[in-house]
Amino acid sequence: MKMKWLISVKDGMMERVTEELGKMGIKNAEKLDSIGVIIIAHGDYKITDLKKIDGVLNVEEERDLSI
Amino acid sequence: MSKNLKKEEKVEYTGRYLVLLPEGSNTSDSIDQISSISGLNLTSSLAFENEFFTDKDLAKTDGIVLDKLGIAIVNEKPEIKMSISSFGDNDMIVEKERVVYAIGMLDESTQNYVEGYRDAVNQMTNVLVGTEVEDYNYEEQQSEVESVGATWGLKATNVVPTSFLRYNPYNGAGIKVAILDTGFDFNHPDFAGRPVVHQSFITGESTQDGHGHGTHCTGTACGPISSPSATERYGIAYAASIYIGKVLSNGGSGGDGGILAGINWAIANRCDVVSMSLRGLVSGTGYSAVFETAAARALAQGTLIIAAAGNDSARPGVVKQVMHPANCPSIMAVGAVDVNLNIASFSNGGLYPTYGAVDIVAPGVNVYSSTKLPTKYASWNGTSMATPHVAGIAALWAQATGLRGINLWKKLTSTAKALPLPGRDVGAGLVQAPTKTRLIKFPIDRTPILVNPKFPIDPIGPIEKIIR
């Protein structure tokens, strides 16, 4: 399965973080507004670069789950 | 609009507060706890003869704890207003005391007359047939009347009480339950005509359940009260609104992203309860900070997320830890027990209490429920089967109490049945549904007064119509 980055965002910072991701060339971010999480394709982005974005709380790599 | 109706619309308060103490707490400890939280000095009702006290007694203290009820009546003081949130943090529920009126209030002279009449009737009854002796044996009335035809899990959790004296009037009506799983079999006859809101988060797959797992979990949480083809009742919140989020493929697997999207969708739809019978492997300490943030935000918005602890253990030799995402502190982790209320051999344990405790347990062995056609019904094992028991019962509590989010969590754990097993394995214990006490009407087994043997001869005699 093609993995993704899961990014949790500080309250009220969704738009700001999305903008910053856009500046990095990430255009198809999936915004989950109710829980304050953004999901992006894994790409070649480094976790350290993503964590530097103002408003980002945590960044994790997507995991597999099953029944 | 009548005057009486206007009176009912306006809630009046006495100025005092009622504090519901945590389940099982004793009065002495509660008085100490309240004192440390707020500085208020309460008195126990036990300090009064026959626990009878008046408003004057109440006025002499900061408040009185009703020993038998686990409720404190607290006078209005600045300390209590400042401490309300702290009470909440300590599993106490604070309400303003309402002014209540008897239905059809009587003026004093009418009340005296009615009381006199009642006393006279009682006295006459005692003279004629003796004083009433309560010899009705409740224990003998233990009955399986209602529980015939229900799964063992529904009986063990009081969804279908096995005691004749209890009944369950709750069905989840008005509560939205989301099941994030492999989808749902929309052709299952037990759900015919039942509205189901659904969304697939699996690319290329519809919400139709191609596995059966999601239909099984949905059946336990929200299945019907009766079915022409099922061998027994298996559904708990049979009137709840069903929300199906397909986050696992027909092969039974998925990714974090789809699950987070499913949680987000459930919150956006204002679901009260989210049931997730899924798990990702973890080893060692630590939990997903992203999932924890999401779950904490869900709780804050009134959505309780419940997840399976995992089936990775092989007891008694091997006990594995609670898996992702149930190991997040803001997600309720569910373990499984069998029909003897022993921990299931596969049920994971809270090896790292801070990072993944088992919060509660539910039936998870030989659980009968619906599954996809053509099989239609199956009995399966797993913490996956235990989780929708808790979700369905959470819906009943939400309906019964109006509680949501963290308060609903506390209600579930505080009312769980303690089990003689390590807390590591069973947390607060076996989840229990809300029930009510049945109103018993005493059988009429006495001879009517007018033909009582004490008066074998009617002193007046029959009135006959004389025909001349």
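Nothing here was measured: the structure is a model prediction, and the numbers come from that model.

Student: Where do I start with the side chain of serine 384 of chain B in this structure?
Tutor: Within the element layout of this structure, serine 384 of chain B appears in helix H10 (residues 383–401). Here serine 384 of chain B is in contact with Ile67 of chain A together with His213, Cys217, Ser277, Ala308 and Asn311 of chain B, once residues within four sequence places are set aside.

Student: Whenever I open this one, the environment of threonine 61 of chain B confuses me. Can you help?
Tutor: Residue and element names in this part refer to chain B. Its location among the elements puts threonine 61 in the loop between helix H3 (55–59) and strand E3 (63–66). Assessed through its relative accessible area of 12%, threonine 61 is described here as buried. Separated by 20 residues in sequence, threonine 61 and asparagine 41 have C-alpha atoms that sit 7.0 Å apart. Excluding anything up to four places from it in sequence, threonine 61 contacts Asn41, Leu42, Thr43 and Asn75. A polar contact is formed between the side chain of threonine 61 and the side chain of threonine 43, at a distance of 3.1 Å. Looking at threonine 61, its side chain comes within polar contact range of the main-chain oxygen of glycine 63, at 3.4 Å.

Student: Help me understand the packing of H10 of chain B against helix H11 (residues 405–414) of chain B, please; the structure alone is not making it clear to me.
Tutor: Each pair of packed helices can be described by the angle between their axes along with the distance between the axes. All names here are of chain B. Contact geometry for H10 and H11: axes closest at 10 Å, N-to-C directions at 110°. When the axes of H10 and H11 are compared, the pair comes out roughly perpendicular. For the pair H10 and H11, the crossing hand works out as right-handed. Mapping the contact onto sequence places Val390, Ile393, Ala394, Trp397, Ala398 and Thr401 in H10 and Leu408, Lys411 and Leu412 in H11. Looking at the contact of H10 with H11 residue by residue, the classes come out as seven nonpolar, one polar and one charged.

Student: Honestly, the sheet that holds strand E3 (residues 37–41) of chain A in this entry has me stumped. Any pointers?
Tutor: One key point about sheets: their strands pair by backbone hydrogen bonds, in either a parallel or an antiparallel sense. Residue and element names in this part refer to chain A. Reading across the sheet, the four strands line up as E2-E3-E1-E4 and stay open at both edges, with antiparallel pairing between neighbours. Two strands bound the open sheet, and with one partner strand each, they are strand E2 (30–32) and strand E4 (56–61). Ignoring strand direction, the axes of neighbouring strands in this sheet form an average angle of 20°. In this structure, strand E1 (residues 4–9) lies alongside E4, joined through five bridges in antiparallel fashion.

Student: How do you make sense of unusual backbone geometry when you look at a structure like this?
Tutor: All names here are of chain B. Cis peptide bonds are those with omega within 30 degrees of zero, and the linkage from histidine 324 to proline 325 qualifies with 0°. With respect to the helices and strands, the residue proline 325 is situated in the loop between strand E12 (304–308) and strand E13 (332–337). In this structure, leucine 341 is a non-glycine residue whose phi angle is positive, near 60°. Position of leucine 341 among the secondary structure elements: in the loop between E13 and strand E14 (360–363). Positive phi values are uncommon outside glycine, yet asparagine 366 reaches one of about 55°. Given a relative accessible area of 47%, asparagine 366 falls into the partly exposed group.

Student: Looking at this structure, I do not really get the sheet that holds E14 of chain B. What am I missing?
Tutor: Residue and element names in this part refer to chain B. Pairing is parallel across the open sheet formed by seven strands, whose spatial order is E8-E9-E7-E11-E12-E13-E14. Strands with a single pairing partner mark the edges of an open sheet, and in this sheet they are strand E8 (196–200) and E14. Between one strand and the next, the sheet's axes are offset by a mean angle of 25°, whatever the strand orientation. As judged from the three bridges shared by E12 and E13, these two strands associate in the parallel manner. Looking at E13, one finds that alanine 307 is bridged to alanine 333.

Student: Help me out: how do you make sense of the interface of chain A and chain B in this one?
Tutor: Many authors give the size of an interface as the accessible area that is lost as the parts come together. Each side of the interface is counted separately: chain A has 24 residues, and chain B has 35 residues. Across the chain A/chain B interface, buried area totals approximately 2200 Å², and carbon plus sulfur atoms make up 57% of it. The tally of links between chain A and chain B comes to two salt bridges. Arginine 63 of chain A is the partner of aspartate 256 of chain B in a salt bridge, and the nearest nitrogen-oxygen pair spans 3.5 Å. With four residues, the top contributor of residues to the side of chain A that touches chain B is E4 of chain A. Its residues assigned to classes, the side of chain A that touches chain B comprises ten nonpolar, five polar and nine charged. The pairing of strand E5 (residues 64–66) of chain A with strand E10 (residues 253–255) of chain B spans three bridges and is classified as antiparallel. Within the sheet, the bridge partner assigned to serine 66 of chain A lies in E10 of chain B and is serine 253 of chain B.

Student: Would you mind showing me how to read the UniProt feature "active site" (unreviewed entry) in chain B here?
Tutor: Here, the residues flagged by UniProt with the feature "active site" (unreviewed entry) are Asp181, His213 and Ser384 of chain B. Considering the C-alpha atoms alone, the annotated residues occupy 204 residues of sequence yet fold into one spot, their largest mutual distance being 9.9 Å. Examined against the element boundaries, histidine 213 of chain B turns out to sit in helix H7 (residues 213–222). Contacts of histidine 213 of chain B, omitting those with residues within four sequence positions, involve Ile67 of chain A together with Asp181, Thr182, Ser277, Trp380, Ser384 and Met385 of chain B.

Student: What is the right way to read the packing of aromatic side chains from this model?
Tutor: Here the distance between the centres and the angle between the planes together describe a pair of aromatic rings. Residue and element names in this part refer to chain B. Applying the stated criterion to the full structure yields eight aromatic pairs over all chains. Between the aromatic rings of tyrosine 368 and tyrosine 377, the centroid separation amounts to 5.6 Å while the plane-to-plane angle is 15°, which identifies the pairing as stacked. The burial state of tyrosine 368 is the same as that of tyrosine 377; both residues are buried. Among the aromatic residues, those joined into a ring-pair cluster are Phe184, Phe186 and Phe191. For arginine 438, the ring lying beneath its charged end belongs to phenylalanine 164, and the centroid distance is 5.2 Å.

Criteria and cut-off values
- Residues numbered from 1 in each chain as written.
- Chains lettered and ligands numbered in written order.
- Predicted model: local features only at pLDDT ≥ 70, side-chain atom pairs only at ≥ 80, totals over all residues.
- Heavy atoms only, no water.
- Helix = DSSP H or I, 4+ residues; strand = E, 2+ residues; numbered from the N terminus.
- Contact = heavy atoms within 4.5 Å.
- Buried < 20%, exposed > 50% of the residue type's maximum accessible area, 1.4 Å probe, protein only.
- Polar contact = N/O pair within 3.5 Å; in protein donor to acceptor, adjacent residues only side chain to side chain.
- Axes fitted to C-alpha atoms, helices over the stretch in contact; angles between N-to-C directions.
- Parallel < 35°, antiparallel > 145°, perpendicular 65-115°, else oblique.
- Left-handed = near helix turned anticlockwise from the far one by under 90°.
- Nonpolar A, V, L, I, M, F, W, Y, C, P; charged D, E, K, R; others polar.
- Pairing = 2+ DSSP bridges.
- Buried area = accessible area lost by both parts, 1.4 Å probe.
- Salt bridge = Lys/Arg side-chain N within 4 Å of Asp/Glu carboxyl O.
- UniProt positions renumbered as here; feature names shortened; annotations may be inferred.
- Phe/Tyr/Trp six-rings, centres within 6.5 Å; stacked < 30°, edge-to-face > 60°.
- Lys NZ or Arg CZ within 6 Å of the ring centre and 35° of its normal.

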